[in-house]
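One letter stands for each residue in the lines below.
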There are 2 protein chains.
Amino acid sequence: MSINKEIPYKIYLNEDEMPRAWYNVRADMKNKPAPLINPGTGKPVTAADLEPVFCSELVKQELDNDTAFIPIPEDIFNFYRMYRPSPLVRAYCLEEKLQTPAKIYYKFEGNNTSGSHKLNSAIAQAYYAKKQGLKGVTTETGAGQWGTALSMACSYFDLDCRVYMVKVSYEQKPFRREVMRTYGASVTPSPSETTNIGRKILQEHPGTTGSLGCAISEAVEAAVSSEGYRYVLGSVLNQVLLHQSVIGLETKAALDKYDIKPDIIIGCAGGGSNLGGLIAPFMGEKLRGEADYRIIAVEPASCPSLTRGKFAYDFADTGKVCPMAKMYTLGCDFIPAPNHAGCLRYHGMSTILSQLYHDGYMEATTAVQTDVFKAAEQFARVEGILPAPESSHAIKAAIDEALKCKETGEEKTIVFGLTGTGYFDLVAYEKFHNGEMDDYIPSDEELEAYFAKLPNVEG
Amino acid sequence: MSINKEIPYKIYLNEDEMPRAWYNVRADMKNKPAPLINPGTGKPVTAADLEPVFCSELVKQELDNDTAFIPIPEDIFNFYRMYRPSPLVRAYCLEEKLQTPAKIYYKFEGNNTSGSHKLNSAIAQAYYAKKQGLKGVTTETGAGQWGTALSMACSYFDLDCRVYMVKVSYEQKPFRREVMRTYGASVTPSPSETTNIGRKILQEHPGTTGSLGCAISEAVEAAVSSEGYRYVLGSVLNQVLLHQSVIGLETKAALDKYDIKPDIIIGCAGGGSNLGGLIAPFMGEKLRGEADYRIIAVEPASCPSLTRGKFAYDFADTGKVCPMAKMYTLGCDFIPAPNHAGCLRYHGMSTILSQLYHDGYMEATTAVQTDVFKAAEQFARVEGILPAPESSHAIKAAIDEALKCKETGEEKTIVFGLTGTGYFDLVAYEKFHNGEMDDYIPSDEELEAYFAKLPNVEG
């Protein structure tokens, strides 16, 4: 194998090159994301509406469409120094395997114990909770990636952390639960007897294995009914995309260091936390007319909100207790087929990304599960890293683009986000090895039925 | 938290600062490690004795007591570039938590998919097998750390990889098995019907859940009876310590870059692969009289070969088919109590480390399991990384030394090896959280009974 030494295998920034402010892409959007709507009043939510649920500083960030750069507080920066900068890796071995003239880079966010990029926002949200003098925070978790990140963050700031974990995951995925316990979090299987909504659901559906929608409702209730607690969320929200911009800022700084200009930027898309963070500064340049990039969102074919959803107001949660958001949505009652790319199962999409997609600033594509795992295995064998199924959607699209370059002979530069590792997804890998993977794709009729139930809100 | 910025949180070498040669500490030892003895002839083993089992180049490395530096072949170096240099981390948060004046550094080897330092030697052994034109290699694995590393390495060089995995682990730890399958390895539960020794054991002990000794015997038989195969091993051997010297060389280069001179160097010790690699260049200076360091091996109290074993010739394997080695041993029939620090359960110790310990160049200490997990949890909560139980033995000893500094006010510099991550050890963490951990320590009587059975060989 001959490796061009001019660009190192891994580009690490020095600590003094790490970003000191997050970038808020909303500041550069002509069409701002549509405001959240309070389902009670039918009017845009105010800070006062949100403050019983979220920390005050985070409410400010959520509603701030104008400030381009928000300084990263020193305590958060010091935590970032523990596991950041993350490497921007030149995928020399994958390029050679594919025999492509394309140059492939990936930003790897899995080198921390939470195993994903989720920690970037978890530490920020924990910091503001601590700063506000709160006792603790509540959240929900499905597979456990976000819960793990949040428990690490809370442990660092000595905050109480209460995680409602979907019961079926709690029972079938005890490992992530134990990681959270190691960091001192209390983990409650949801639905539980600890909340009104939990008790109600248990009474109506004895023996239920729970759902993310139910866990969200329990976590929100636990927050608003406990003195000194707030609720936190790991994706979808504007504040989360803001914190995750650290991914894109580091990526851009690393590329700039070697005068590399990407042609294509690819990220997997569930609620949008990784994609929104990765593309932020590049999208900023595009919005300001300073540069052009192809930006591609990759979603699972089983949960295709951007590619097949409606751009409309919808409830952010299945329980319909949270504000309504204007976004690409499959309908808040949509339940994707059992699908192991856990974090890409959300029915909607970040309002920021939805607006940008609507305005033609990015593309979207889908991949079926088996193809995603084929790409994951191919990547693992040459690049060493065992990727998370979520991240592998981006790998699949990057490989496809690199193979197109092979056909045309173009030496395009492709950058994709590798959001995390697959250590806790080996049941899915086992299904793939045994040929038992589910490649379900919802039918048009199915989706139309959900669209028919969308709330009638113009915003 | 105030952090002194002069020393970064993580010291990364640039690629051009990475070591280009392994360091063979035997070259600087006045008392060389005693030679292996062929149990058939009672004489020191020759290259010809070993070549049916091991690759020729590795046999040379195994027997070479004189060459100080052995160049790292370009293909191995390029693979190292995928996941190395590993970071040398300044444990600022742990120091603050302990309120110690000590300065603590750890060399973190867990940032690769195999999750440990084992990959450093796996890629070297796979390379030499490929270079010799072999079809594949065989090995055994217990918990699966070494098997995972080897499967990654073989996948990179397109070599067949046959792993005999102790049956109880195969069934109870399906995750590591799936990682190995992702990398294309064939994984056989041992004992199996695929070897004579396997069939014999199954006939004599129907329903047995297997043992590492049995898996070694099967892997060796599979290698010598298959055209184009050799056997490989992940610890204990001189060649393994040679390859692992990359850990110590990088550590030393990173420290030198900031003019840091360690006072104490700590590593966990099972067969010796990590400890031997970490300390190599420091031990070299000590042997040559150029510098002095306290070097501490930490073993589990349940398997205390250095601290309570005999320095004597013993069989390297339970099946007594491999050569005999002069080492600190608990007797090759010694079976440690069920103990989740899987890789530290070997009855013996590297002959190199045994000789160095015997000659007074290093110290050894033990820790009981519960204390190890307490240290692991404390470390995880402040430093973010979820450590492997093996590595956590070193954490425990480092914390103890740092607390001594707190008492005396000494600002000692402590460096320890953090060999890997604990993602696949969460059953053990769960036991710890539930207060069900086993702190068994063998009695003197027990050990004496094993010592009485040691072979009577002077060497």
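What counts as what
- Residues numbered from 1 in each chain as written.
- Chains lettered and ligands numbered in written order.
- Predicted model: local features only at pLDDT ≥ 70, side-chain atom pairs only at ≥ 80, totals over all residues.
- Heavy atoms only, no water.
- Buried < 20%, exposed > 50% of the residue type's maximum accessible area, 1.4 Å probe, protein only.
- Helix = DSSP H or I, 4+ residues; strand = E, 2+ residues; numbered from the N terminus.
- Pairing = 2+ DSSP bridges.
- Least-squares fit on C-alpha atoms with pLDDT ≥ 70 in both.
- Core = buried A, V, L, I, M, F, W, Y, C linked by side-chain atoms within 4.5 Å.
- Right-handed = clockwise from strand over helix to strand, strands pointing away.
- Contact = heavy atoms within 4.5 Å.
- Buried area = accessible area lost by both parts, 1.4 Å probe.
- Salt bridge = Lys/Arg side-chain N within 4 Å of Asp/Glu carboxyl O.
- Polar contact = N/O pair within 3.5 Å; in protein donor to acceptor, adjacent residues only side chain to side chain.
- Nonpolar A, V, L, I, M, F, W, Y, C, P; charged D, E, K, R; others polar.
- Axes fitted to C-alpha atoms, helices over the stretch in contact; angles between N-to-C directions.
- Lys, Arg positive; Asp, Glu negative; His and termini not counted.
- Domains from an automatic or database assignment.
- Phe/Tyr/Trp six-rings, centres within 6.5 Å; stacked < 30°, edge-to-face > 60°.

## Comments concerning the pairing of strand E5 (residues 103-108) of chain A
Residues and elements named next belong to chain A. Within E5, 5 of the 6 residues are buried, which leaves the element mostly enclosed by the surrounding structure. As paired strands, strand E4 (residues 88-90) and E5 are joined by 3 bridges and run antiparallel to one another. Note that in E5 the partner of leucine 88 across the bridge is lysine 107. Of the strand pairs in this sheet, E5 and strand E15 (residues 413-418) are connected by 6 bridges, and their pairing is parallel. Bridge pairing in E15 links phenylalanine 108 to leucine 418.

## Points about the relation of the copies chain B and chain A
Between the two chain copies there is a screw-like relation: a rotation about an axis and a shift along it. In the superposition of chain B on chain A (RMSD 0.0 Å, axial shift 0.0 Å), the rotation amounts to 180 degrees. In short, the pair behaves as if placed about a two-fold rotation axis. When each C-alpha of chain B is compared by its distance to the rotation axis, B:Asn111 comes out closest, at 3.1 Å.

## A few points about the nonpolar core
Core analysis: the biggest nonpolar cluster contains 240 residues, and A:Met362 and B:Met362 have the highest contact counts within it. Counting 24 residues, the second-largest nonpolar core is a separate cluster that includes A:Val59, A:Tyr164, A:Ala215 and A:Met327.

## Thoughts on the pairing of strand E10 (residues 264-268) of chain A
All names here are of chain A. When you tally the buried positions in E10, you get 5 out of 5 residues, the bulk of the element. Neither face of E10 is open: one carries Ile264, Ile266 and Cys268, the other Ile265 and Gly267, and all of them are buried. Here 5 bridges tie E10 to strand E11 (residues 294-300), and the two strands are oriented parallel to one another. Looking at the pairing, glycine 267 lines up with alanine 297 of E11. On the question of chirality, the crossover connecting E10 to the parallel E11 by way of helix H12 (residues 273-287) is right-handed.

## What about the environment of A:Val240?
Residue and element names in this part refer to chain A. Tracing the backbone through its elements, the reader meets valine 240 in helix H11 (residues 238-257). Residue classification places valine 240 among the buried residues on the basis of a relative accessible area of 0%. Along the sequence, valine 240 and asparagine 120 sit 120 residues apart, while their C-alpha atoms lie 8.6 Å from each other. If we skip the residues at most four places from it in the chain, valine 240 touches Ser121, Gln125, Leu233, Gly234, Ser235 and Ser273.

## Some words on the interface of chain B and chain A
Of the residues lining the interface, 48 residues belong to chain B; the matching set on chain A comes to 48 residues. Buried surface at the junction of chain B and chain A, both sides included, amounts to about 4,500 Å², of which 54% is carbon and sulfur. Viewed at the interface, chain A and chain B are joined by 2 salt bridges. Here B:Glu430 ties to A:Arg177 by a salt bridge, and the two come within 2.9 Å at their closest N and O atoms. Run the count over chain B and chain A and you get 29 residue pairs in polar contact (both at pLDDT 80 or more). Within the residue set of the side of chain B that touches chain A, elements represented by two or more residues are helix H3 (74-83), helix H6 (145-157), helix H8 (174-182), helix H15 (369-383) and helix H17 (426-433) of chain B. Classifying every residue of the side of chain B that touches chain A by side-chain character gives 24 nonpolar, 10 polar and 14 charged.

## Quick word on the sheet that holds strand E6 (residues 136-141) of chain B
Residue and element names in this part refer to chain B. Strand order across the open sheet formed by 4 strands is E8-E7-E6-E9, with parallel pairing between neighbours. The open sheet has two edge strands with one neighbour each: strand E8 (186-190) and strand E9 (229-231). The sheet shows a mean angle of 25 degrees between the axes of neighbouring strands, taken without regard to direction. The pairing of E6 with E9 spans 3 bridges and is parallel. If you follow glycine 136 over to E9, its bridge partner there is tyrosine 229. Its contacts with the sheet put helix H10 (residues 212-224) on E6, strand E7 (160-166), E8 and E9, and the angle it makes with E6 is roughly 170 degrees.

## Brief notes about the side chain of A:Glu218
Residue and element names in this part refer to chain A. Structurally, glutamate 218 is set in helix H10 (residues 212-224). An unpaired buried charge is present at glutamate 218: no salt bridge exists, and arginine 199, the closest side chain of opposite charge, is 7.5 Å distant. For glutamate 218, the side chain forms a polar contact with the side chain of threonine 195, separated by 2.6 Å. In this structure glutamate 218 touches Tyr164, Ser190, Pro191, Ser192, Thr194, Thr195, Ile197 and Gly198, once residues within four positions along its chain are discounted.

## Regarding the pattern of salt bridges
A complete count under the given rule lists 56 salt bridges over all chains for this structure. Put simply, A:Asp371 and A:Lys374 hold a salt bridge, and the shortest N to O gap is 4.0 Å. Pair noted here: A:Asp371 and A:Lys374 are both in helix H15 (residues 369-383), with a separation of 3 residues, about one helical turn. Notably, a salt bridge pairs B:Glu204 with B:Lys200, separated by 3.7 Å at the nearest N-O pair. A residue pair is termed a helical-turn pair when its members lie 3 or 4 positions apart in one helix, as B:Glu204 and B:Lys200 do in helix H9 (residues 196-204) at 4 residues. For B:Lys200, a relative accessible area of 47% puts it in the partly exposed group. Sharing partners across several salt bridges, the network here consists of A:Arg84, A:Lys107, A:Glu109 and A:Glu250.

## Re unusual backbone geometry
All names here are of chain A. Omega for the peptide link from serine 190 to proline 191 comes to 5 degrees, which places this bond in the cis form. When you line up the elements, proline 191 lands in the loop between strand E8 (186-190) and helix H9 (196-204). The phi dihedral of aspartate 158 falls on the positive side, at around 60 degrees, and the residue is not glycine. Along the chain, aspartate 158 turns up in the loop between helix H6 (145-157) and strand E7 (160-166).

## Observations concerning the domain arrangement of chain A
Residue and element names in this part refer to chain A. Under the domain assignment used here, chain A contains domain 1 (10-20 + 84-115 + 241-451) and domain 2 (22-27 + 51-70 + 118-238). Between domain 1 and domain 2, the C-alpha centre-to-centre distance is 23 Å. Counting residues at the interface gives 33 residues for domain 1, matched by 31 residues for domain 2. Together, the buried faces of domain 1 and domain 2 total about 2,800 Å²; carbon and sulfur atoms form 62% of this surface. Of all residues in domain 1, Leu242, His243 and Phe424 give up the largest surface area on contact with domain 2, accounting jointly for 28% of the area buried on that side. There are 0 salt bridges connecting domain 1 and domain 2. At the junction of domain 1 with domain 2, the criterion picks out 12 residue pairs in polar contact (both at pLDDT 80 or more). Going through the elements one at a time, H11, H12 and helix H14 (351-358) are the ones with two or more residues in the side of domain 1 that touches domain 2. Counting residues per element, the side of domain 1 that touches domain 2 draws most heavily on H11, which supplies 8 residues.

## Observations concerning the packing of aromatic side chains
The full count for this structure, using the stated rule, is 41 aromatic pairs over all chains. With 6.0 Å between their ring centres and 45 degrees between their planes, B:Phe54 and B:Tyr231 make a pair best called tilted. Here B:Phe54 is found in the loop between helix H1 (47-50) and helix H2 (56-63), whereas its partner B:Tyr231 is found in strand E9, with 177 residues between them in sequence. Of the two residues examined, B:Phe54 and B:Tyr231, each falls in the buried class. Here the aromatic residues A:Phe79, A:Tyr80, A:Tyr83, A:Tyr127, A:Tyr128, A:Tyr156 and A:Phe157 are joined through ring pairs into a cluster of three or more.

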